[in-house]
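Residue-level listing of the chains:
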Amino acid sequence: MAGTVADEMEAKLRGEFDPTRLEIINDSAKHAGHSGDDGSGESHFTIVIEAPAFAEMNRLARQRAVIAALGDMVGERVHAVAIQASAPTQ
């Protein structure tokens, strides 16, 4: 897929959850030179996602669902991801 890592993450999350809100924030600059910084500028992210699919899930289940939707990106191409997942009614 062409584009940035963030673009690929966005496509995967939109396809899986059809979110009402989605922000993917690249935090990599804050971690330059730290463990996990591969020099790409795309190693650390914060994901803010709101989707109806999360309504019946607890916090841990939501985070696991987001990680599962991202597949092998996390751990291979992305070192760290912070997830703030909620349902629209929260």
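Everything here concerns the structure above.
Residues numbered from 1 in each chain as written. Predicted model: local features only at pLDDT ≥ 70, side-chain atom pairs only at ≥ 80, totals over all residues. Heavy atoms only, no water.

> Which residues make up the packing of aromatic side chains, and what values do they have?
For the structure shown, the criterion picks out one aromatic pair. Consider the rings of phenylalanine 17 and phenylalanine 54, whose centres lie 4.9 Å apart with planes at 40°: the pair is tilted. One end of the pair, phenylalanine 17, is in helix α1 (residues 5-17); the other, phenylalanine 54, is in the loop between β2 (44-50) and α2 (59-70), with 37 residues separating them in the sequence. Here phenylalanine 17 and phenylalanine 54 have matching classes, each one buried. (Phe/Tyr/Trp six-rings, centres within 6.5 Å; stacked < 30°, edge-to-face > 60°. Helix = DSSP H or I, 4+ residues; strand = E, 2+ residues; numbered from the N terminus. Buried < 20%, exposed > 50% of the residue type's maximum accessible area, 1.4 Å probe, protein only.)

> Can you lay out the nonpolar core for me, pointing to particular residues and giving the numbers?
If you look at the biggest cluster of nonpolar residues, it comprises 20 residues, and the most contacted ones within it are Met9, Leu13, Phe17, Ile47, Ile49, Phe54 and Val66. Elements that contribute at least two residues to this core include exactly α1, β2, α2 and β3 (80-86). Per-element accounting of this core gives the leading share, five residues, to α1. Setting aside chain neighbours within four positions, we find methionine 9 in contact with Ile24, Phe45, Ile47, Leu70, Met73 and Val78. (Core = buried A, V, L, I, M, F, W, Y, C linked by side-chain atoms within 4.5 Å. Contact = heavy atoms within 4.5 Å.)

> Help me get a handle on unusual backbone geometry, residues and values and all.
Among all residues save glycine, negative phi is the norm, and among peptide bonds the norm is trans. For aspartate 18, which is not a glycine, the phi torsion comes out positive at approximately 45°. For aspartate 18, a relative accessible area of 61% corresponds to the exposed category.

> So what's going on with the pattern of salt bridges? Which residues, and what values?
Overall, the coordinates contain three salt bridges when judged by the stated rule. With a closest N to O distance of 2.9 Å, glutamate 8 and arginine 77 form a salt bridge. Taken together, the residues glutamate 8 in helix α1 and arginine 77 in the loop between α3 (73-76) and β3 connect sequence positions 69 residues apart. Under the relative-accessibility criterion, glutamate 8 is labelled buried at 13%. (Salt bridge = Lys/Arg side-chain N within 4 Å of Asp/Glu carboxyl O.)

> Let's hear about the environment of phenylalanine 17: which residues, and what values?
Residue class for phenylalanine 17 comes out buried when judged on its relative accessible area of 8%. Residues phenylalanine 17 and proline 52, spaced 35 residues apart in sequence, show a C-alpha to C-alpha distance of 7.8 Å. Apart from residues no more than four positions distant in its own chain, phenylalanine 17 is found in contact with Ile49, Ala51, Ala53, Phe54, Ala65, Val66 and Ala69.

> If you had to explain the sheet that holds β2 to someone new, which residues and values would you point to?
Read across the sheet, three strands follow the order β1-β2-β3 without closing on themselves; strand pairing throughout is mixed. Edge strands, defined here as strands with exactly one partner in the open sheet, are β1 (21-26) and β3. Ignoring which end each strand starts from, the neighbouring axes of this sheet average 10° apart. Where β2 lies against β3, seven bridges are found, and the strand directions are parallel. (Pairing = 2+ DSSP bridges. Axes fitted to C-alpha atoms, helices over the stretch in contact; angles between N-to-C directions.)

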